[in-house]
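# Structural overview for review
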Amino acid sequence: MDIDWVCKHHSDLSKEQLYAILKLRADVFVVEQSCAYPDVDGLDLEGDTCHLMAWRDNHLIAYLRLLDPHSRNSDVVIGRVVIAPEARGQGLGHALMERALEQAQKHWPGTSISLSAQAHLQGYYGRYGFEAVGVEYLEDGIPHIGMHRP
């Protein structure tokens, strides 16, 4: 089945797209990972933040957000990386990361990229040129580490 990849500025999201994004994030981060935290953090609509989505049969199966470096005076920040449970094991994570790097270069050429990774995913992000920075820390009870890509 074909996947429809869409990257939209937050102001171009339909209410149905925004609902699907928030639902997938809540289903995985809050329910599946048992982390009660404020997912709606005010950053989704900040500056020129973009939302990268993968749709199959009108169902959101993969997502991440790219935080605008200019509004934060920092790197592009990749966050909220999520694959729907039913779509895991199909290589979507790799396709999602490749497209995220393409979109970051398109929107903010030459800007470095950072992310906060679950510690066990360091090798995964390392494939895309990210290097661990700092020390591991707990975020919502899950070990994380900062990662940076020049």
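The rules behind each value
Residues numbered from 1 in each chain as written. Predicted model: local features only at pLDDT ≥ 70, side-chain atom pairs only at ≥ 80, totals over all residues. Heavy atoms only, no water. Helix = DSSP H or I, 4+ residues; strand = E, 2+ residues; numbered from the N terminus. Buried < 20%, exposed > 50% of the residue type's maximum accessible area, 1.4 Å probe, protein only. Phe/Tyr/Trp six-rings, centres within 6.5 Å; stacked < 30°, edge-to-face > 60°. Pairing = 2+ DSSP bridges. Axes fitted to C-alpha atoms, helices over the stretch in contact; angles between N-to-C directions. Polar contact = N/O pair within 3.5 Å; in protein donor to acceptor, adjacent residues only side chain to side chain. Contact = heavy atoms within 4.5 Å.

## Remarks on unusual backbone geometry
One non-glycine residue, Asn 58, lies in the positive phi region at around 60°. Within the secondary structure layout, Asn 58 lies in the loop between strand S2 (50-56) and strand S3 (59-67). A relative accessible area of 77% means that Asn 58 is categorised as exposed. In the Ramachandran plot, Arg 80 falls in the positive-phi region, its phi being about 55° despite a non-glycine side chain. Here Arg 80 lies in strand S4 (residues 76-83).

## Some details on the packing of aromatic side chains
Scanning all chains against the criterion turns up 3 aromatic pairs. For the pair Tyr 124 and Tyr 125, a centre-to-centre distance of 4.8 Å together with 75° between the ring planes defines the contact as edge-to-face. Take Tyr 124 and Tyr 125: they sit in the same class, and that class is buried. Seen from their ring centres, Tyr 125 and Phe 130 are 6.1 Å apart, and the 80° between their planes marks the pair as edge-to-face.

## A look at the sheet that holds strand S5 (residues 113-118)
Pairing is mixed in the open sheet, where 7 strands are placed in the order S1-S2-S3-S4-S5-S7-S6. Edge strands, defined here as strands with exactly one partner in the open sheet, are strand S1 (4-9) and strand S6 (131-139). On average, each strand axis in the sheet is tilted by 20° relative to the strand beside it, whichever way the strands run. Judged from the 6 bridges that link them, S5 and strand S7 (residues 142-149) form a sheet pairing that is antiparallel. Residue pairing in the sheet places Ala 117 in a bridge with Ile 145 of S7.

## Focus: the side chain of Asp 39
Looking at where Asp 39 falls in the secondary structure, it is placed in the loop between helix H1 (15-32) and S2. Among the polar contacts made by the side chain of Asp 39, one reaches the side chain of Arg 25 at a distance of 2.9 Å. One polar contact links Asp 39 to Arg 80, side chain to side chain, over a distance of 2.7 Å. When near neighbours in sequence (up to four residues on either side) are disregarded, Asp 39 contacts Leu 22, Arg 25, Phe 29 and Arg 80.

## Describing the pairing of S6
Summarising the sheet, S6 and S7 pair through 6 bridges and their orientation is antiparallel. Its bridge partner lying in S7, Val 133 is registered against Gly 146. Joining the antiparallel neighbours S6 and S7 is a turn of 2 residues, in which Asp 140 adopts a positive phi near 55°.

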